[in-house]
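# Summary of the model geometry
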Amino acid sequence: MAIKFAKKGAKLVLWDINETAIEETATEIKKYGGRVFTYKCDLSKRDEIYTVAEKVKQDGLDVTILVNNAGIVTGKKYLDCPDNMIEKTMAVNSMAHFWTVKAFLPSMLRKNHGHIVSIASSAGLVGVTGLADYCASKFAAVGFDESLKYELNAMGKDGVHTTVVCPYYINTGMFEGVKTRFPKVLPIVNQDYAASRIVDAVLINQEIVYIPRVLYFFLALKGLIPVKVGLLLAQAFGINNCMDDFKGRAKKD
């Protein structure tokens, strides 16, 4: 996404807890002539978010498009999830959105110009076996975006937009080992395609993005069918077992 935004002429402000990864991304952006500024930040810590946000402002950088993209996954059945990982999942996947938005939204409101992008998940719309903490965090991100959208509308701030993105599993390595029973219907999403859809959505101020598009149909269907039918469909589509071989992203030494 950062590279695609850079190609559109955006000036990038990148945050990550992984300094090596963030500098690698910055190097790629510079190859395209992009301007990029990097900051190390642990997004599970509210005080650190506020401190780094203040540093960004002191450096004379005005954030007009905020993309909350950080995410982690435990990938264990609920009772097997360590308490500290449940707390960290909520902190990174949902609570961080509150703090980054609170840090940068006031400037957007003053100018009535800006865009907030919440990278949620299809798991923020439908529960998934083996992802209780992850689903809860992503449901929170979806709810936060919707409430914020209504609040901005009530304030008459028609120049500040929000987009919530709910993709199926993306092949970034984060969900390595996950399987989909019917890949022609519900494919693992290509990360380049997902990034393009997200950037395009920002350019046209699209409020909601489901990837792949078949999710629009499934979500409409969820609102019409009885809960027991939904449980049967989840079993039929392999949702109950898609996390059985989950490995996640391999840790580097």
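In the block above lies the structure referred to throughout.
Please read all numbers here as calculations on a predicted model, not as lab measurements.

Attention now moves to the overall build of the protein chain. When you go through the protein chain residue by residue, the secondary structure sums to 8 helices and 6 strands. Helices and strands appear in the protein chain in the N-to-C order α-β-α-β-α-β-α-β-α-β-α-β-α-α. Computed over the C-alpha atoms, the radius of gyration of the protein chain is 18 Å, within 12% of the 18 Å expected from 2.2 N^0.38 for a compact globule of 253 residues. Put simply, of all contacts in the protein chain between residues at least 6 apart along the chain, 67% involve residues at least 24 apart. When the accessible surface of the protein chain is summed, it comes to about 14000 Å², and 55% of that surface belongs to carbon and sulfur atoms.

In this section: the pattern of salt bridges. Should the charged atoms of two oppositely charged side chains come close, the side chains can pair. All chains considered together, the criterion is met by 8 salt bridges. Where E28 meets K31, a salt bridge forms, and the shortest distance between an N and an O atom there is 2.9 Å. One end of the pair, E28, and the other, K31, are both in helix α2 (residues 19-31), 3 residues apart, so they sit about a helical turn from each other. Assessed through its relative accessible area of 29%, E28 is described here as partly exposed.

Attention now moves to the pairing of strand β4 (residues 114-119). Within β4, 6 of the 6 residues are buried, which leaves it mostly tucked inside the rest of the structure. Both faces of β4 are covered, namely the face carrying G114, I116 and S118 and the face carrying H115, V117 and I119. Where strand β3 (residues 65-68) and β4 come together, 4 bridges link them in parallel fashion. Among the inter-strand pairings, V67 is bridged to a residue of β4, identified as V117. Traced from β3 through helix α4 (residues 83-111) to β4, the parallel crossover comes out right-handed. Direction of pairing for β4 relative to strand β5 (residues 160-167): parallel, over a ladder of 6 bridges. Across the sheet, I116 pairs through a bridge with T162, a residue of β5. Handedness of the β-α-β unit built from β4, helix α5 (residues 132-155) and β5 comes out right-handed.

On to the sheet that holds β5, then. Strands belonging to one sheet form pairs held by backbone hydrogen bonds; the direction of such a pair is parallel or antiparallel. Strand order in this open sheet of 4 strands is β3-β4-β5-β6, and the pairing throughout is parallel. Bordering the open sheet on either side are β3 and β6 (208-211), each of which pairs with just one other strand. Sheet twist, expressed as the average angle between the axes of neighbouring strands with direction ignored, equals 15 degrees. Packing of α4 onto the sheet brings it into contact with β3, β4 and β5, and relative to β3 it is tilted by some 170 degrees. Of the strands in this sheet, β4 and β5 touch α5, which is tilted by about 160 degrees from β5.

With that out of the way, let us pick up the nonpolar core. Counting 46 residues, the largest nonpolar core has L12, V128, L131, Y169, F175 and M243 as the members making the most contacts within it. Considering each element in turn, this core owes the most residues, 5 residues, to helix α6 (residues 191-203). Discounting residues that sit within four places of it in the chain, F175 has contacts with V73, L131, Y134, Y169, M243 and F246.

Counted at 1.5 Å a residue, the expected span for α5 with its 24 residues is 34 Å, and the 34 Å between its end C-alpha atoms agrees. Residues D133, Y134, C135, S137, K138, A141, V142, F144, D145, L148 and L152 constitute the buried set of α5. G156 sits one or two positions beyond α5 and adopts a positive phi of about 75 degrees.

Turning to α2, a few remarks are in order. Structural remark: α-helix, 3.6 residues per turn; residues separated by three or four positions point the same way. Counted at 1.5 Å a residue, the expected span for α2 with its 13 residues is 18 Å, and the 19 Å between its end C-alpha atoms agrees. Looking only at α2, the buried set comprises I22, A26 and I29. Each buried residue of α2 lies within a common arc of 60 degrees when the element is viewed along its axis, so the set occupies one face. Exposed residues pointing more than 90 degrees away from the buried face of α2 are listed as T20 and K31. The elements touched by buried residues of α2 are α1 (2-7), β1 (12-16) and β2 (36-40). One side-chain oxygen of the residue at the start of α2 lies 3.1 Å from the amide nitrogen of T20, identifying that residue as N18.

Next up on the list: the packing of aromatic side chains. With the rule as written, the count across this model stands at 7 aromatic pairs. Here F98 and W99 contribute two aromatic rings whose centre-to-centre distance is 6.2 Å and whose plane-to-plane angle is 50 degrees, an arrangement assigned as tilted. Among the aromatic side chains, those forming a connected cluster through ring pairs are Y50, F98, W99 and F144. The side chain of R46 reaches across the aromatic face of W99, ending 5.6 Å from its centre.

Conventions we followed
Residues numbered from 1 in each chain as written. Predicted model: local features only at pLDDT ≥ 70, side-chain atom pairs only at ≥ 80, totals over all residues. Heavy atoms only, no water. Helix = DSSP H or I, 4+ residues; strand = E, 2+ residues; numbered from the N terminus. Rg over C-alpha atoms; globule rule 2.2 N^0.38 Å. Contact = heavy atoms within 4.5 Å. Areas by Shrake-Rupley, 256 points an atom, 1.4 Å probe, with all protein chains shown as cover. Salt bridge = Lys/Arg side-chain N within 4 Å of Asp/Glu carboxyl O. Buried < 20%, exposed > 50% of the residue type's maximum accessible area, 1.4 Å probe, protein only. Pairing = 2+ DSSP bridges. Right-handed = clockwise from strand over helix to strand, strands pointing away. Axes fitted to C-alpha atoms, helices over the stretch in contact; angles between N-to-C directions. Core = buried A, V, L, I, M, F, W, Y, C linked by side-chain atoms within 4.5 Å. Expected span 1.5 Å × (residues − 1). Arc of directions from axis to C-beta. Polar contact = N/O pair within 3.5 Å; in protein donor to acceptor, adjacent residues only side chain to side chain. Phe/Tyr/Trp six-rings, centres within 6.5 Å; stacked < 30°, edge-to-face > 60°. Lys NZ or Arg CZ within 6 Å of the ring centre and 35° of its normal.

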